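In case you want the letters, here they are:
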Amino acid sequence: MIELSDVRYGYDGTALLTDINLALVPGSFHFLTGPSGAGKTTLIKLCYLELTPSGGQVMAFGRPASRMRRDEIAMLRRRVGVVHQDCRFLDHMNLRDNVALPLSVAGESLTAHRAEIDELIAWVGLADRAHALPAELSGGERQRAALARALILSPDVILADEPTGNVDWEMSLKLLTLLIELNRMGKSVLIASHDLNLIRAAKGQANARVLRLRAGRLEMAGADL
Amino acid sequence: MTLISDAMSITRPERGSDGVVPPTGFTARLTQFTAAGMAFLAVFALALSMATERLADRWGEALAQSATIRISAPSEQRAAQTEAVLEILGATPGVAQARALDATEQQALLAPFFGPDLPVETLPIPQLVEIVTAPAGFDAEGLRLRLRAEVPGAVLDDHTAWRRPLIAAAERLSWLGIGAMALIALMTAAMTTLAAGSALAANRQVLQVLRLVGAQDGFIARAFVRRFTFRALTGAALGTLAGMLAIWSLPEVATGGGFLTGLGFSGAGWLAPLPVPFLTAVVAFLATRMAAFRALRAIP
C-alpha cells in the first residue's frame, strides 16, 4: 500500500535518512525504533506525504506520490490514519467533534455515524470527556483521542508516532491490543516507539517486525529486543 | 472545484465545513466594518456619478434650446436693427420663438454685477434678443451669414462656447464617480485579502490539522470564503442602507439650479445602489478565495 524505495531525506544539505526501503503491505505490523533525532517522525511524515523525499520514490496505493495532485494526496490521507506525537487538534472543537473531523471533511453525516463515534470514544476510555476541549485534556487523553480520530475512517494504514508516550502501562497495552486487532483485520500498522517493553509485549502477540533507524539507515533490529 | 461551483456552494451550507473554522472575531468584524464603510462611500460615488450625468444632460438641453443675439448699434439705429433681426428670425426655420429683452430684463441680467439701480438706458449696452429653438434646432452658421449681410451689428451666440466645457466638466465628474467606485472595489478587495490573510495565518494550525485528516483545499477554502463573503455581504448591506439614508436626508437646494440640487437618486435611480452589497460580496469572495488557496499552497 505504501512503499518507500531508496528514499533519501535531508535538511539543509545534511542527510537525515539514506536509502530507506520499506513496504507497508496489507497485514504488515512494523515497529520503528531508534534514538531521539534518528528520523522516526520524518519517516512517518514521508509515509503520509507530509514531506517530499529529496531522492528515491514513495508509492502510495500503487501510484507514485511525486505525481499526485494536492487533492489526491488529501484523498490518500483518508486511507491513512496518523497519530502524531504532538496530537494536533482543532482547539475550538470538543473532543467528540475532533474525533469526528475526518468524517466531516469526507462529507459524511455525523448523525449517521453517531454510534460509531461514541463507541470509538468509549473504547479509548474517553466517554466522559467527549465534550471537553483539547486544552482541558491531559497528555494521555489527547493521545487516546488522536488514536480515535486516526481510526474513525477505518483506514488501510495506521501510522502512530509514540502513541503510548503519555499513557500508563495499562492503557498502553489496551491501545496496543486495539492496533493488533486492527492489524489482524488486514490493516497495515507502523508504530514509532522507543518503549522497548511495549515492543516486546507486541512481539508476543503479533507477527511484528522491528526496524531500527541508525545513522540515517533502516535496519532490522536484532535479538536484543 | 471550479470558481463557479465554488461560488454556487457559497449559498449552500456545507456539511461540517462551517464549524472547522474557529471564530475569527477581530478579522471578521474588520471585514464587516470595511465592507460597510466602502459600501457607504460607493453609494455616494454612485450618486455623484448619476447626478453629474443628469446635470450634463440638463445643462446640455437647457443651453441647446436657447440662443442669444447681441445687437451693438448706435442708439438711433438700434430699434431698426432689432426689428430687422426679429424679422429674419421669424423667417428662420427651427426658431420657435424670438423676442427682444426689455430694459427691465436687461437690468436684471446686469444686477448681479452692477447692483439694482443701474441706469441701463444711459449706458451703451447692446440690445439682446432671446431665441427659443424648436427641438430640431436651427442652422446657426446660415443665420450668422445672413445677419452679417443684413444686420452687421448683430452677433449670434448659440452658447456652444459655454455648453461644451460645461458638458465636458460634468462628464469628467461622472467618470470621476465611476473611477471612485472602481477604487472602492479595489480597496474592498485589498482589505478583505488582508483580513482573510490574517485569519488564515492565525489559523495555520487549523489548516495543518485539516490537511492531515484528508481535507481537500476546496473544502478548507470554502469554509473561510463563506464566512468572509457573508460578513462582507451583511456589512455592505448595512453600509448601503446607511448611504441611501444619508443621501435621502441631504437638504434640498431648491432654487438656482445649484450643484447640490442634483446630488441624489430619483425615481428608479433609487434601485441603483441595491447591487452594491452583492458586488461587494463577489469582491470578497474572489479576494478570500485567492488568499485561501495561496495560504494552503504553503501547507503540505
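Quick notes on the rules
- Residues numbered from 1 in each chain as written.
- Chains lettered and ligands numbered in written order.
- Predicted model: local features only at pLDDT ≥ 70, side-chain atom pairs only at ≥ 80, totals over all residues.
- Heavy atoms only, no water.
- Domains from an automatic or database assignment.
- Contact = heavy atoms within 4.5 Å.
- Buried area = accessible area lost by both parts, 1.4 Å probe.
- Salt bridge = Lys/Arg side-chain N within 4 Å of Asp/Glu carboxyl O.
- Polar contact = N/O pair within 3.5 Å; in protein donor to acceptor, adjacent residues only side chain to side chain.
- Helix = DSSP H or I, 4+ residues; strand = E, 2+ residues; numbered from the N terminus.
- Nonpolar A, V, L, I, M, F, W, Y, C, P; charged D, E, K, R; others polar.
- Pairing = 2+ DSSP bridges.
- Axes fitted to C-alpha atoms, helices over the stretch in contact; angles between N-to-C directions.
- Core = buried A, V, L, I, M, F, W, Y, C linked by side-chain atoms within 4.5 Å.
- Buried < 20%, exposed > 50% of the residue type's maximum accessible area, 1.4 Å probe, protein only.
- Left-handed = near helix turned anticlockwise from the far one by under 90°.

Asker: Just give me the short version of the domain arrangement of chain A, but keep the residues and values in it.
Answerer: Residue and element names in this part refer to chain A. Along its sequence, chain A is carved into domain 1 (1-79 + 156-225) and domain 2 (88-154). For domain 1 versus domain 2, the separation of C-alpha centres amounts to 23 Å. Between domain 1 and domain 2, the residue contacts involve 18 residues of the former and 13 residues of the latter. In total, about 1300 Å² of surface goes out of reach between domain 1 and domain 2, with carbon and sulfur atoms giving 64% of it. Taken together, the links from domain 1 to domain 2 amount to 1 salt bridge. With a shortest N-O distance of 3.7 Å, Arg88 and Glu50 are connected by a salt bridge. The tally of links from domain 1 across to domain 2 stands at 4 residue pairs in polar contact (both at pLDDT 80 or more). Considering every element that reaches the side of domain 1 that touches domain 2, the biggest residue donor is helix H6 (residues 169-184), with 6 residues. Tallied by class, the residues present in the side of domain 1 that touches domain 2 amount to 8 nonpolar, 3 polar and 7 charged.

Asker: How would you summarise the sheet that holds strand E8 (residues 188-192) of chain A if you had to cite specific residues and measurements?
Answerer: Residues and elements named next belong to chain A. Spatial strand order, E6-E7-E8-E3-E9-E10: 6 strands in an open sheet with mixed pairing. This sheet does not close on itself; its edge strands, each paired only once, are strand E6 (80-83) and strand E10 (217-220). On average, adjacent strands in this sheet sit at an angle of 20° to one another, irrespective of strand direction. As defined by bridge partners, E6 adjoins strand E7 (residues 157-161) across 4 bridges and the pair is classed as parallel.

Asker: Before we move on, could you go through the nonpolar core and cite the residues and values that matter?
Answerer: Most often, soluble globular proteins have nonpolar side chains that are buried together. All names here are of chain A. Counting 43 residues, the largest nonpolar core has Phe29, Phe31, Leu176 and Ile191 as its most contacted members. Counting residues per element, the ones that place at least two in this core are strand E3 (29-33), helix H3 (95-105), helix H4 (114-123), helix H5 (139-151), E7, H6, E8 and helix H7 (196-205). Residue contributions to this core peak at 7 residues, all from H6. Core analysis: the second largest hydrophobic core is formed by 35 residues, Ile20, Tyr48, Phe61 and Leu213 among them.

Asker: Please provide a residue-by-residue account of the interface of chain A and chain B, values included.
Answerer: On the chain B side, the residues contacting the 25 residues of chain A number 24 residues. If you sort the residues of chain A by the area they bury against chain B, Arg70, Arg77 and Val105 of chain A come out on top, with a joint share of 30%. At the boundary of chain A and chain B, one finds 9 residue pairs in polar contact (both at pLDDT 80 or more). Broken down by secondary-structure element, the contributors of at least two residues to the side of chain A that touches chain B are helix H2 (70-77) and H3 of chain A. Element by element, the count of residues in the side of chain A that touches chain B is highest for H2 of chain A, at 6 residues. Considered class by class, the residues forming the side of chain A that touches chain B number 11 nonpolar, 5 polar and 9 charged.

Asker: Let's hear about the side chain of Asn98 of chain A: which residues, and what values?
Answerer: Residue and element names in this part refer to chain A. Position of Asn98 among the secondary structure elements: in helix H3. For Asn98, a relative accessible area of 1% gives the class buried. Side-chain polar atoms of Asn98 contact the backbone nitrogen of Leu90, separated by 2.9 Å. Excluding anything up to four places from it in sequence, Asn98 contacts Phe89, Leu90, Met93, Pro134 and Arg149.

Asker: Describe the packing of H3 of chain A against H5 of chain A, with residues and values.
Answerer: Axis angle and axis distance: for two packed helices, these are the angle between their axes and the distance between the axes, and together they describe the pair. Residues and elements named next belong to chain A. Their axes nearest at 7 Å, the elements H3 and H5 cross at an angle of 30°. The two elements H3 and H5 cross, and the hand of that crossing is right-handed. Contact residues: H3 offers Leu95, Asn98, Val99 and Pro102, while H5 offers Ala145, Ala148 and Arg149. Residues belonging to the contact of H3 with H5 are distributed by class as follows: 5 nonpolar, 1 polar and 1 charged.

Asker: Quick one: what's the story with unusual backbone geometry, residue by residue and with numbers?
Answerer: All names here are of chain A. Here Ser154, not a glycine, exhibits a phi torsion of approximately 50°, which is positive. What makes Ser154 partly exposed here is its relative accessible area of 45%. Positioned with a positive phi, Ala215 is a non-glycine residue whose angle comes to about 50°. Position of Ala215 relative to the elements: it lies in the loop between strand E9 (209-214) and E10. Overall, the relative accessible area of 77% leaves Ala215 in the exposed class.

Asker: Account for the environment of Ser36 of chain A, naming residues and giving values.
Answerer: Here Ser36 of chain A is to be found in the loop between E3 and helix H1 (40-47). Taking the C-alpha atoms as reference points, Ser36 of chain A and Leu213 of chain A, 177 residues apart in sequence, are found 10.0 Å from one another.

Asker: Hey, could you go over the pairing of strand E3 (residues 127-133) of chain B for me, with residue numbers and the actual values?
Answerer: Residues and elements named next belong to chain B. Across the 7 residues that make up E3, a large majority, 5, are buried. Note that strand E1 (residues 66-71) and E3 share 6 bridges and pair antiparallel. Directly across from Ser66, in E3, lies its bridge partner Val132. The pairing of strand E2 (residues 95-100) with E3 spans 5 bridges and is antiparallel. Within E3, the position partnered with Ala100 by the bridge is Val129.

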